[in-house]
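# Remarks on the overall topology
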Amino acid sequence: MTPPRLSFIDEIDDEVVTNPAVRKINQNDNTQMSKTEETNLAEIKSKNQAAVQSSTIKDLKLGNNVYMKETTEKGRGIFATENIKLGESILEEKPYAAVVDDNNLDKFCSGCFAKPAKLLRCSACNLLHYCSEKCQKSDWKQHKEECKTFVRLKHKPPASIRVICRILRKHSDDKDSYTAIENLNTNRTKFKQEEIETFAQLSILVKECVKISAAAGEMIDLFCRLTCNSFSVLDAEMIGIGVGIYTNTALINHSCVPNCLAVFDGSKLMVRNIRPIQKNEEITITYTDLGLPTMERRRELNERYFFLCRCELCKRYEFKENVDPRNALRCKTEGCLNPIEPPNPLDLQEEIVVKCSNCKQNISYDAADVENQIKESIDFYEKGMNLLTQDEKRAISQLERSFELQKNLLHISNQNVIKTRKSLIELYSKQRNWPMALSHSRQLIDVYRFLFTEWHPLIGIQLLVTGRILLCMHQDDEGMQNLRDSLRILEVSHGYQHNLTKSVADILKQMEREIAIRQGKFDCL
Ligand SMILES: C[S@@+](CC[C@H](N)C(=O)[O-])C[C@H]1O[C@@H](n2cnc3c(N)ncnc32)[C@H](O)[C@@H]1O
């Protein structure tokens, strides 16, 4: 599962930060940078305060059924002006700037983010690809200067730098629209010194790409804003393909039990509600992967967005008696699938006995042994993932070894089991080993139904995957039923107009027609 938010700093690999060119300029620039920074800090702080205090963003155009309000706990947020029934589009927004990820540049169009069978490559920089001349032309205003830079620089800037450069170029062309960027929350004072230093180093790289006169402090501020406000652009199946800045949607706060989700059609972002919403209820999306254990979600939200999540899901697992299945062991009693608390790494006790809240049996295990098995299964998983592109059969064998260890030890919804199953489904499908792919895919539907709300798109997508597998196995009736169930969810999570929803509806129509012809019920003319 890919979180809809960008891991902005993670995107920038160590190689870029430790690039000698960047270090050298940085050393020479050090004193100047801190002085400039100091002079700018007061100005920046007052600007930020003005922005955060501004429920005064008068020209903010949001959807018809929402308004912005400031709260003491979360700052600005978006709220419903009326009751909203399930599956509506709450906000739709084109990106202020968006770029395709480095490893997807030859797979997705840098203009519309579509994934056609064939792409045209920019013949000057050889880096960006487009689905059509039309897309290339419409992106040219953005790409023109960038293209020259890519040709000039040996080291191609990573996606995070490319997106910042696009923002800065837009700034010099259209100062008014830049207010939307300045209005984003910086959380500047909450970043660690080492993060600010990384931003300072990366600013040098940005300045190599764009001719700008922005002071060092302003640049750092921009990095802070993007870290807390940028989105991973996802493909229709919720896999990350790029990074984008959506200035209105960035006003929506987080919950691990969100009433809405961000889905994308190309680079257009749509916020759709997967639960009915009451008048004046806050609109929420998730900033993190909801398959992660609560402790990890909280840690990520705190490190990245500087808040302690107090949603009902996080609070539920503050109580020891509630075991989070996302990192749980499984009950050893036959037929009992209850989650069992995993060993605490800080606990020195070897033999652990816990009472299963479902079957009431005492479950005992050796903490060191369990930890070793988990570690071993992760090692096999990683070996399998490293072999993915070289040798699919060996990759499967390593992943199967990982799964073998996990299946009797970990809860079915444990994040490690989910990851292994997902990779196995992909590999078995590539190998056309449909029965194995089917068995994992069916299990994953159950897991997602257990973890997520009824209308979560991942359930719809897994039903679609399962339906396709079944059709490949000529199990038409069950395959069609899975596709129908998938369509019902996608109509809510993605909407009728989304290309994915339309393609599932088309497959269904086509299959119904084929089956009718086969059964002689339909005149093919
Ligand atoms: C993308 S911004 C959302 C809009 C923001 N509240 C504002 O005023 O601009 C992310 C920031 O909002 C705040 N935030 C978002 N969700 C929150 C939550 N559930 N609890 C507390 N603060 C939250 C945090 O400060 C976070 O860094």
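This one's a predicted model, so the numbers in the text were calculated from it and none came from an experiment.

Reading guide: rules and limits
Residues numbered from 1 in each chain as written. Predicted model: local features only at pLDDT ≥ 70, side-chain atom pairs only at ≥ 80, totals over all residues. Heavy atoms only, no water. Core = buried A, V, L, I, M, F, W, Y, C linked by side-chain atoms within 4.5 Å. Buried < 20%, exposed > 50% of the residue type's maximum accessible area, 1.4 Å probe, protein only. Helix = DSSP H or I, 4+ residues; strand = E, 2+ residues; numbered from the N terminus. Contact = heavy atoms within 4.5 Å. Pairing = 2+ DSSP bridges. Near = heavy atom within 4 Å. Polar contact = N/O pair within 3.5 Å; in protein donor to acceptor, adjacent residues only side chain to side chain. Areas by Shrake-Rupley, 256 points an atom, 1.4 Å probe, with all protein chains shown as cover. Nonpolar A, V, L, I, M, F, W, Y, C, P; charged D, E, K, R; others polar. Expected span 1.5 Å × (residues − 1). UniProt positions renumbered as here; feature names shortened; annotations may be inferred. Axes fitted to C-alpha atoms, helices over the stretch in contact; angles between N-to-C directions. Salt bridge = Lys/Arg side-chain N within 4 Å of Asp/Glu carboxyl O.

Formed by 142 residues in total, the largest nonpolar core has its most connected members in Val206 and Ile283. Among the elements that take part in this core, helix H15 (residues 457-472) stands out by supplying nine residues, more than any other. In this view, Val206 contacts Ile161, Ile164, Cys165, Leu168, Met219 and Phe223; residues no more than four positions away in its chain are not counted.

All right, on to the pairing of strand E15 (residues 351-355) then. As judged from the five bridges shared by E15 and strand E16 (residues 362-366), these two strands associate in the antiparallel manner. Bridge assignment links Glu351 to a residue of E16, and that residue is Asp366. The hairpin turn running from E15 into E16, its antiparallel successor, is six residues long, and Lys360 in that turn takes a positive phi close to 65°.

Turning our eyes to something else, we now look at the site of the ligand. Lining the immediate environment of the ligand, one finds 17 residues, of which Lys74, Arg76, Asn187, Asn253 and Tyr305 sit closest. Note that a nitrogen atom of the ligand is positioned 2.7 Å from one of the backbone N or O atoms of Lys74. A distance of 2.7 Å is found between a nitrogen atom of the ligand and a backbone nitrogen or oxygen belonging to Arg76. Expressed as a share of its isolated accessible area of 560 Å², the protein-covered part of the ligand is 95%. For the shell around the ligand, the secondary structure elements donating two or more residues are strand E2 (75-80), helix H8 (216-229) and strand E9 (253-254). Looking at the shell around the ligand residue by residue, the classes come out as seven nonpolar, six polar and four charged.

The terminal C-alpha atoms of helix H12 (residues 392-407) lie 22 Å apart, and with 16 residues this matches the ideal 22 Å at 1.5 Å per residue to within 8%. Among the structural elements, helix H11 (367-387), helix H13 (415-430) and helix H14 (434-451) are those in contact with the buried residues of H12.

UniProt records the feature "domain: MYND-type" (unreviewed entry) for residues 109-147 in the present numbering. Between the end C-alpha atoms of residues 109-147 the distance is 15 Å, and the span holds 38% helix and 10% strand.

The next point concerns the sheet that holds strand E8 (residues 240-245). The sheet built from three strands is open, its strands ordered E4-E8-E7 with antiparallel pairing. What marks the edges here is a single partner per strand, and that holds for strand E4 (97-100) and strand E7 (230-234). The mean inter-strand angle of the sheet, taken between neighbouring strand axes irrespective of direction, is 25°. As paired strands, E4 and E8 are joined by four bridges and run antiparallel to one another. Residue Val99 lies in a different strand from E8, and its bridge partner there is Val243. Packed onto the sheet, helix H5 (residues 159-173) meets E4 and E8 and runs at close to 150° relative to E4.

With the rule as written, the count across this model stands at 17 salt bridges. As a salt-bridge pair, Lys148 and Glu145 come within 3.3 Å of each other at their nearest N and O atoms. Of this pair, Lys148 and Glu145 both sit in helix H4 (residues 133-152), three residues apart, which is roughly one turn of that helix. Owing to a relative accessible area of 34%, Glu145 belongs among the partly exposed residues under this scheme. The partner of Arg442 in a salt bridge is Glu478, with the nearest N and O atoms 2.7 Å apart. Here the residue Arg442 occupies a position in helix H14, and Glu478 occupies one in helix H16 (residues 476-493), the gap between them amounting to 36 residues.

What follows covers the sheet that holds strand E11 (residues 268-273). Taken in spatial order, the three strands line up as E3-E11-E10 in an open sheet, and their pairing is antiparallel. The open sheet has two edge strands, strand E3 (89-93) and strand E10 (260-265), and neither has a second partner. Across the sheet, the mean angle separating the axes of adjacent strands is 20° when strand polarity is ignored. Examined bridge by bridge, E10 and E11 share six bridges and lie antiparallel to one another. The partner of Asp265 across the bridge, within E11, is Lys268.

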